[in-house]
Amino acid sequence: MKAEFDPELDLVVERLIRAPREKVWRAWSDPERFARWWVPAPAVCRVRRLELRPGGAMVTELSEDGMAFGPHLDASFLVVEELERLVFTNAIDSRWRPADPEPLLMTAEVLLAEHTEGTDYRVVVRHGSAAARALHEELGFADGWGTVTKQLAAVVEA
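These remarks concern the structure in this document. Every value quoted in this text rests on a predicted model; they were computed, and no experiment measured them.

The rules behind the values
- Residues numbered from 1 in each chain as written.
- Predicted model: local features only at pLDDT ≥ 70, side-chain atom pairs only at ≥ 80, totals over all residues.
- Heavy atoms only, no water.
- Helix = DSSP H or I, 4+ residues; strand = E, 2+ residues; numbered from the N terminus.
- Rg over C-alpha atoms; globule rule 2.2 N^0.38 Å.
- Buried < 20%, exposed > 50% of the residue type's maximum accessible area, 1.4 Å probe, protein only.
- Pairing = 2+ DSSP bridges.
- Axes fitted to C-alpha atoms, helices over the stretch in contact; angles between N-to-C directions.
- Contact = heavy atoms within 4.5 Å.

## Brief notes about the overall build of the protein
Counting secondary structure elements, the protein contains four helices and seven strands. Since a compact globule built from 158 residues should have a radius of gyration of about 15 Å, the 15 Å found for the protein is in line with a globular shape. By its C-alpha atoms, the protein is 40 × 40 × 30 Å across when sized along the principal axes. Buried positions account for 42% of the 158 residues belonging to the protein.

Set out below in structure tokens:
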């Protein structure tokens, strides 16, 4: 089931990536490639676990200086449809425990579709309330998710 976009609760990033879906999928599924684009540069990402399967873990760490790393994301994949769709949430951590992450709960749906020039890439980030959506927007959703999407494109288009 693909959820409908709700402008009161959801935020979206869309981009045409000029690379085949297979390359975009590999950038999501290979921990080394994933670390190259997942956090906005100049910050550095370290991937602890990336298990693309329903129930699989997604655990990353972040470093501002490339030396000291701290927690970034501890999430679980809910849906994995190869080359087409990923859904993950930070409401359930990598140990399948209910989570209360700061600053907010979210579920992200990543959609990859064929396009004559590459991949039609869309990420919908869903929130439980209008207040959580507004907070995410205020915290820089467009800049953060927009930047990592641009970095993803640079990795796969190279």
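## What about the sheet that holds strand β3 (residues 57-63)?
Judged by pairing direction, the sheet is antiparallel, and its seven strands sit side by side in the order β1-β7-β6-β5-β4-β3-β2 without closing on themselves. In this open sheet, the two strands that pair with only one neighbour each are β1 (10-17) and β2 (44-50). Ignoring which end each strand starts from, the neighbouring axes of this sheet average 20 degrees apart. In the sheet, β2 pairs with β3 via six bridges, with the strands oriented antiparallel. Bridge pairing in β3 places C45 opposite L62. Sitting on the sheet, helix α1 (residues 21-29) touches β1, β2, β3, β4 (70-81), β5 (85-89), β6 (107-115) and β7 (118-126), and the angle it makes with β6 is about 155 degrees. Sheet strands in contact with helix α4 (residues 141-157) are β1, β5, β6 and β7, and its direction is about 25 degrees off that of β1.

## Describing the pairing of β4
Here six bridges tie β3 to β4, and the two strands are oriented antiparallel to one another. Across the sheet, T60 pairs through a bridge with L73, a residue of β4. Hairpin connection between β3 and β4: a loop of six residues separates the two successive antiparallel strands, and G66 in this loop has a positive phi of roughly 80 degrees. Here β4 pairs with β5 via five bridges, running antiparallel. Directly across from E81, in β5, lies its bridge partner R85. Where β4 folds back on β5, the antiparallel hairpin that results is connected by three residues, among which L83 adopts a positive phi of roughly 70 degrees.

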